[in-house]
Amino acid sequence: MHTKVRVQSTINGEPQEFLCEPRQSLLECLRDILGLTGSKEGCNDGNCGACTVILDGRVVTSCLVLGVEAEGSEITTVEGMAKGNKLHPLQQSFLENAALQCGICTPGFLVAAKALLDQQPNPSEDEIRLWLANNLCRCTGYDKIIRAVKQAAEQMQEVNA
Amino acid sequence: MKWFDYAAPVSVGEAVGLLTAHPSARLLAGGTDLLVQLRAGRKETDLVVDAKRIPELNVLHYDPAHGLTLGSAVPCYRIYKDKNVARAYPSLAEVASLIGGTQIQGRASIGGNLCNAAPSADSAPLLIALGATCRVAGPRGSRDVPVEEFCTAPGRTVLQPGELLVSIHLPPPAPHSGSRYLRFIPRNEMDIAVAGVGVEVILENGRFRSARVALAAVAPTPLYVREAGDSLAGSPVDEASIATAAEIARKNARPITDMRGTADYRGHLCGVLTRRALEAAVARARGGN
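Draft legend 1. Quick peek at the sheet that holds strand 2 (residues 26-28) of chain B. Residue and element names in this part refer to chain B. Here 3 strands make up an open sheet; going across it, the order is 1-3-2 and the pairing parallel. Every other strand in the sheet has two partners, leaving strand 1 (5-7) and strand 2 as the edge strands with one partner each. Pairs of neighbouring strands in the sheet enclose a mean axial angle of 30 degrees, with direction left out of account. Bridge analysis of strand 2 against strand 3 (residues 47-50) gives 3 bridges, and the strand direction is parallel. Bridge pairing in strand 3 places Leu28 opposite Asp50.

Here is the structure:
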């Protein structure tokens with residue numbers, strides 16, 4: 001008996017309800033059902049991090065989560081980072097530091113970096129590199145990305161000081 | 001992925017019932033192996049049984065008298081963030097923090113690492129070295145299996161139809177004991193071990209009272225090398241004893257040659273890593289880090 005499942009969760013602060021097949025990944029649910037196409041499909045097996053979202057406070061690759069598992073959970077995607085037209089400091093910093101070229105990996109890097117700064121406002125370069133090891137970039141390379149995260153962290157601390 | 005149904009039982013009994021009624025059912029903890037395998041068609045199932053709402057599979061409890069109870073679905077980040085684990089089993093916290101990357105550690109569990117039964121499973125050698133046992137529940141009740149007997153072949157375990165891994169139990173750390181897992185990978189993180197070595201030593205009056213050594217990625221299953229640890233028992237804590245144990249580990253490795261390394265290279269790594277892991281475990285046993 002093949003029945004779809006109703007899932008209720010909070011996505012970017014808004015209650016959401018969707019109907020999905022148990023075999024659909026959270027990434028598919030976000031992109032194909034909810035139209036949240038900021039999260040990208042790269043490898044679809046957990047290696048590249050392009051589909052990274054925050055699920056109940058933990059960064060996860062949404063390609064390796066079933067949509068049905070999201071029942072009752074809180075999810076933050078890249079769409080939840082900017083406040084209206086005001087970019088998140090990380091987004092602004094990625095632009096200023098040219099920390100992207102093709103941009104496919106960027107949403108995953110932004111969400112993963114946000115989760116890092118949420119729990120560790122002043123990470124060292126080593127901590128940033130280790131935290132972001134599950135995110136792959138195939139064009140810019142990592143130096144600009146690391147610099148952008150570091151700069152965003154410094155700016156956010158100044159604002160909060 | 002082919003169609004499957006999804007169930008999220010809230011008790012071990014309910015889960016055993018589902019697994020018994022659906023022979024192809026698969027238990028889902030973090031999904032970092034299972035969902036990849038289902039998507040690639042390497043496994044098929046008509047029912048995915050989510051382990052994460054079953055209390056016994058999500059326990060992380062330390063008791064100085066009885067040791068650690070680690071629910072099979074507890075994700076790695078909970079393990080390395082746990083203060084008791086960091087204090088009593090620092091090597092377990094290290095292993096949990098080197099499996100995959102941040103995103104994988106948010107989901108992947110040590111129980112899943114064992115059930116996936118990869119020869120390269122990073123957690124297996126250390127659990128074997130620490131003398132851990134697996135608590136298995138099934139239609140005929142529960143049973144305990146030493147970790148070194150849990151994996152039977154690549155991708156295969158002792159679990160029978162209807163059975164599931166509930167938790168892993170670690171004895172309390174003995175006085176003057178230390179443990180360590182070391183692996184060799186070409187990059188610093190997010191890779192699969194070319195070879196890995198887990199050890200535990202217990203010291204007494206300047207000698208080894210006992211030791212255990214286990215290897216990863218050099219046999220069809222995680223490999224407990226009893227002779228290597230036994231060679232240390234009663235020996236002085238010195239370079240010669242450790243070199244002898246490392247040589248026994250190297251000789252017992254039965255690696256294959258594949259894209260990650262040749263058989264010779266892997267055997268060599270077992271010797272080097274065993275020596276280094278024993279030295280590190282001795283330093284820990286003596287109170288260092």
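From this point on, the discussion continues.
Draft legend 2. How the structure looks around the domain arrangement of chain A. Residue and element names in this part refer to chain A. According to the domain assignment, chain A contains domain 1 (5-79) and domain 2 (89-160). The straight-line distance from the C-alpha centre of domain 1 to that of domain 2 is 21 Å. Listed by partner, the interface residues are 16 residues for domain 1 and 11 residues for domain 2.

Draft legend 3. Representation of the nonpolar core in the model. Counting residues in hydrophobic clusters, the biggest one holds 144 residues, and the most contacted among them are Leu114, Ala195, Val201, Val213, Leu215 and Ala249 of chain B. No other element matches helix 12 (residues 263-285) of chain B, which puts 9 residues into this core.

Draft legend 4. View of the interface of chain A and chain B. In this complex, chain A contributes 24 residues to the contact, which on the side of chain B involves 22 residues. For the side of chain A that touches chain B, the secondary structure elements donating two or more residues are strand 4 (58-61) and helix 4 (125-131) of chain A. For the side of chain A that touches chain B, the element with the most residues is strand 4 of chain A, which contributes 4 residues.

Draft legend 5. Highlighting the packing of helix 2 (residues 89-96) of chain A against helix 3 (residues 106-119) of chain A. Residue and element names in this part refer to chain A. One way to put it is that helix 2 packs onto helix 3 with a least axis distance of 10 Å and a crossing angle of 130 degrees. Between helix 2 and helix 3, the crossing angle belongs to the class labelled oblique. Crossing angle aside, the handedness with which helix 2 passes helix 3 is right-handed. On helix 3, the residues that touch Leu90, Gln91 and Phe94 of helix 2 are Thr106, Leu110, Ala113 and Lys114.

Draft legend 6. Region of the structure containing helix 1 (residues 12-21) of chain B. All names here are of chain B. Listed as buried for helix 1 are Val12, Ala15, Val16 and Leu19. Viewed along the axis of helix 1, the buried residues span an arc of 100 degrees, placing them on a single side of the element. Those residues of helix 1 that are exposed and aimed more than 90 degrees away from the buried face are Gly13 and Ala21. Taken together, the buried residues of helix 1 touch strand 3, strand 6 (133-138) and strand 10 (164-170).

Draft legend 7. Main features of the sheet that holds strand 5 (residues 74-76) of chain A. Residues and elements named next belong to chain A. The mixed open sheet is built from 5 strands, whose spatial order is 2-1-5-3-4. Because the sheet does not close on itself, it has two edges, and the strands there are strand 2 (14-20) and strand 4. Put simply, the sheet's adjacent strands are angled 40 degrees from each other on average, direction ignored. Sheet topology places strand 3 (residues 52-55) next to strand 4; 4 bridges connect them, and they run antiparallel. Bridge pairing in strand 4 places Leu55 opposite Arg58. The strands touched by helix 3 within the sheet are strand 3, strand 4 and strand 5, with strand 3 carrying the most contacts at an inclination of about 35 degrees.

Parameters and conventions
- Residues numbered from 1 in each chain as written.
- Chains lettered and ligands numbered in written order.
- Predicted model: local features only at pLDDT ≥ 70, side-chain atom pairs only at ≥ 80, totals over all residues.
- Pairing = 2+ DSSP bridges.
- Helix = DSSP H or I, 4+ residues; strand = E, 2+ residues; numbered from the N terminus.
- Axes fitted to C-alpha atoms, helices over the stretch in contact; angles between N-to-C directions.
- Domains from an automatic or database assignment.
- Contact = placed C-beta atoms within 7 Å.
- Core = buried A, V, L, I, M, F, W, Y, C linked by C-beta atoms within 7 Å.
- Buried ≥ 20, exposed ≤ 12 C-beta atoms within 10 Å, placed from the backbone.
- Parallel < 35°, antiparallel > 145°, perpendicular 65-115°, else oblique.
- Left-handed = near helix turned anticlockwise from the far one by under 90°.
- Arc of directions from axis to C-beta.

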